[in-house]
Structures are given as structure tokens and as C-alpha cells.
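Structural features, examined
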Amino acid sequence: MRPGARVGAVIEILEELEQRGLTADRAVTSYTRSRRYIGSKDRREIGNLVFSILRAKLRLDWWLERAGHSGASPRLQALASLLLVKGQSQIEVAALFDGEGYGPTKLTPEEEKLIADLSGADLIHPEQPAWVRDEVVSWLHPLLLARFGDDMAAEMAALQQEAEVILRVNSLKGSRHAARKTLTEDDVATQATIMSPLGLRVEGRRALQASKAFREGLIEVQDEGSQLIALLCDAGPGMAVADYCAGAGGKTLALAAEMQGQGRLVALDSDVKRLERARPRLARAEVDIVEQQALPDDVWMTENAGDFDRVLVDAPCSGSGVWRRQPDARLALTPERLADYLEAQREVLHAAATLVRPRGRLIYATCSLLPEEDEQQVEAFLAENSDFTQYPVAEIWKSVLPDVACPSGEPHLLLTPAQHGTDGFFVSVLERAPSRT
């Protein structure tokens, strides 16, 4: 594709995002796959430009409004991004809008003035409000500022970067050394992660699904922070373990490996389609101990009350910790949606707690950086459930990760991109008191 045609594709994808309410990754995938003339290199370039616009959208819109274009269109956002993010010159940008082939139509006189005004400017301007510079919508900014304080700018800057590809080695199929060797045969270079003993950091971008290691179930794509959550469940062979919000099964697979394929492992979720998507992954990893259970099911919950040694609640949340991967999510979050997440978290915590046996553990995790979804939920739960106490994460860490220092001195664990190089995750372990009988 010609560079102009790529820009034209980006504008169309951004328009679809506005009209259809798709997530960015799905919009890019849907658009590029339905057009066979778009090659792999073009798909990558188109996706990169879409995501770079979304990562800088508040700052781009600030500049456009400053230039007299409030409520800017995707076309103007693309223009501003080429100038302010990619650093292209006025002449280079104008050449992309030549109206030929699949490229965008020629610039209007008003647009020519805009690119002249923005040419040579920096994306960050001293007059921008803090919430614009940090790329966080205005109502949400104080909540994150309460979390990070003086570290706010660094943390938000880290969330604006592209996330690396991290793999988890399936210990049921082989070692990390074996996985690295197999990946090397497919020209995939990796480095071992620092905290997770199962993680591999992929160098560059590679077609992993075509690799032998992926096809044979030796690896799964999973962020290092997510791997640590599964390890901190401290699930062992022969245990009864429930993954209460299992989704497509990423942590279920990790738990099965920690259990060495022995015991009872139940994946529960309210979305049957998400559970179904886990089946090919389970088969590829040769995991056969997983039961899948759709929720809600009052009969099943009653019959299995108090039966589990470990219950992981990977709760529905704002996803503020994974904005590196989903930059459009930070723009879609509203106070109403956050309130819905908070209510859902309370409900799943209380429901999942009924499955925990005496001396068993309830592991509460989110991919959120908001205290309202993290510590405050745990504190509220403990205030209402006197038979549970918080078990210090550092104590579990010493047991399951003895060769790595725990990065937290708090009873819980908070991981962030700026401090730890992972997605943002929170985890707290709650232990049920022994039975009084």
C-alpha cells in the first residue's frame, strides 16, 4: 500500500470506532482482514498509527481545539498525529492527502492552515491541563492522582507506551530453557523475565501463532503480572481450585500447570462464549482437569459451598492497568461504568467467598490501578466478613518465588508499568478462619 492509502485506512477505522463502538484492536482486525490487498506490513503500520492516535487523543484534541476545531473528526486527528506524534513536516503530510487511489482526499484550505499552524509544534504544551498531559479524562484524573501522587506523570507516561509481548511457559510441556530453544528455531528471540520464573520477553514483533512452541502448547501469551497472580494463588497438586471469573482461560491454564495437572480445577464465568474460547487453549496445552461452569447457577454454588482450597476472583474492572494494550478504554470509561464495576466486584467477591473452605484462600485480583477497585473493596469485604483475614502477600511470595525479592511491603501487591514493567495489577489474598467445630 502507498503511505497515503494507509492513512486513509486509519481514518476509516477511527470513524468505525466512533460509529460502531468496537474496541480498537477488533476494529483494526476486522478492517484489515476484510481487505485482502492489505499485507502484513501494512496491517502493522495501520494498527500502529491507529493506536498512536488513541494514546495521544486528549493532547491531539487539545491542540485541535486550540486551533479552532472543537469536536475534531478522525481525519483531523490523523492530520494532527502525523505532525505532533510522528513529527512529519508540513510538506510530507500534505503529500499523503493527494486524493489518489485509496488515499484521503486533498486538503481543504482550512486544513492547509491547520497543518501550517501545527507544523513543528510539540505534542506536550505547558498550557495543557494535567489531565490532558497525562491522557486521563478529567473526572478520573483525581482518582489516579490519589494513588500515585508525585509519581503520577511517570506512571501515566508508562501507560502511554506500547506493551511488550510476554509469554508464559507451560511447565506441563517443558522448561523455560526448552521454550527459548524451540522459539529460537522459529527465529523468535526472547529474554527471561525478572520476576516470573515462567516468563519470556519477546524481542520485537513476531508471528507467534505460527511457531512450533505455540502450536505444541509450550507457550501462551500472558503478561508477567498476570503470571504472578496465578503463582500467588499457591495452588498445588491435589487441591480443589476455582477460577471464578475465568474468561478465556489465561489464568486457568497457569493454575493447571501449578497443580501439575492433578486435582480439581473449575473455570467459572457468566459469559458462556468466553468459556468456550478457552477450550482450544486447554486442548493445545494438554490440560484435562478443568471443569467449566456457567454462572449464575444457584444449585451449583450451594452444592459446592466450602469445597475449595483456593478461589481466584479476577474481578471485572475498569482495566486502567492495561491501558498500554487498550488505549481506547481510558476514553470509554465513565463514572456510571465505574460504579457498575464496583457493584459487580462486591457481588463476585461475596459469592466466591462462599466456595472457600476453612483455612482456604480467596485471591482477589484486578487489572485496575484505582484504590476504589482495589484496597477499598478488600477493606469493605473484610468489614462484612469477620471469618476472613488478609494474608500478607510477601509471605506467600517467599514461598513460591524464593529467588526474587517481593516488590511490595504492603499486605497486598500492586504492580505498575513504570515501577515493574508489567501491566497494572492488584492482588490481595484473604484466608478463611478454621472451622469452630
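Located above this text is the structure these notes cover.
Model, not experiment: these values are computed from the prediction.

Glancing now at the nonpolar core. In terms of nonpolar packing, the biggest core is built from 42 residues, with L140, L144, Y244, F308, V311, V313 and L362 touching the most fellow members. Ranked by the residues each element gives to this core, the list is headed by helix α18 (residues 335-353), at six residues. Not counting residues within four places of it along the chain, the set of residues in contact with L144 comprises V136, M152, M156, W323, L369 and L370. Counting residues in each nonpolar core, the second largest holds 40 residues, with F51, A72, L82 and L123 among its members.

Further remarks concern a positive patch on the surface. Together, R33, K41, R43 and R44 make up a region of like positive charge exposed at the surface. Among the elements that make up the positive patch, the one with the highest residue count is helix α3 (residues 40-55) (three residues). Topologically, R44 is positioned in helix α3.

Taken together, the five bridges between strand β6 (residues 264-269) and strand β7 (residues 290-294) define a ladder with parallel strand orientation. The partner of V266 across the bridge, within β7, is E291. The parallel pair β6 and β7, bridged by helix α15 (residues 272-284), forms a crossover whose chirality is right-handed.

Of the volumes computed, that of the second largest pocket is approximately 200 Å³. Around the second largest pocket sit 13 residues that line it, and R6, E45, L49, L82 and K86 are the ones nearest its centre. Breaking the lining of the second largest pocket down by element, the ones donating at least two residues are α1 (3-20) and α3. Each residue belonging to the lining of the second largest pocket can be placed in one class, and the counts come to seven nonpolar, three polar and three charged.

Calculation criteria
- Residues numbered from 1 in each chain as written.
- Predicted model: local features only at pLDDT ≥ 70, side-chain atom pairs only at ≥ 80, totals over all residues.
- Heavy atoms only, no water.
- Core = buried A, V, L, I, M, F, W, Y, C linked by side-chain atoms within 4.5 Å.
- Buried < 20%, exposed > 50% of the residue type's maximum accessible area, 1.4 Å probe, protein only.
- Helix = DSSP H or I, 4+ residues; strand = E, 2+ residues; numbered from the N terminus.
- Contact = heavy atoms within 4.5 Å.
- Patch = residues over 30% accessible without salt bridge, like charges linked within 9 Å, V, L, I, M, F, W, Y side chains within 5 Å.
- Areas by Shrake-Rupley, 256 points an atom, 1.4 Å probe, with all protein chains shown as cover.
- Salt bridge = Lys/Arg side-chain N within 4 Å of Asp/Glu carboxyl O.
- Lys, Arg positive; Asp, Glu negative; His and termini not counted.
- Charge placed at Lys NZ, Arg CZ, Asp CG, Glu CD.
- Pairing = 2+ DSSP bridges.
- Right-handed = clockwise from strand over helix to strand, strands pointing away.
- 1 Å grid on protein atoms, 1.4 Å probe; cavity = no way out; pocket = protein on both sides within 12 Å on 5 of 7 lines; lining within 4 Å.
- Points joined across faces, edges and corners; volume = space filled by probe spheres on them.
- Nonpolar A, V, L, I, M, F, W, Y, C, P; charged D, E, K, R; others polar.

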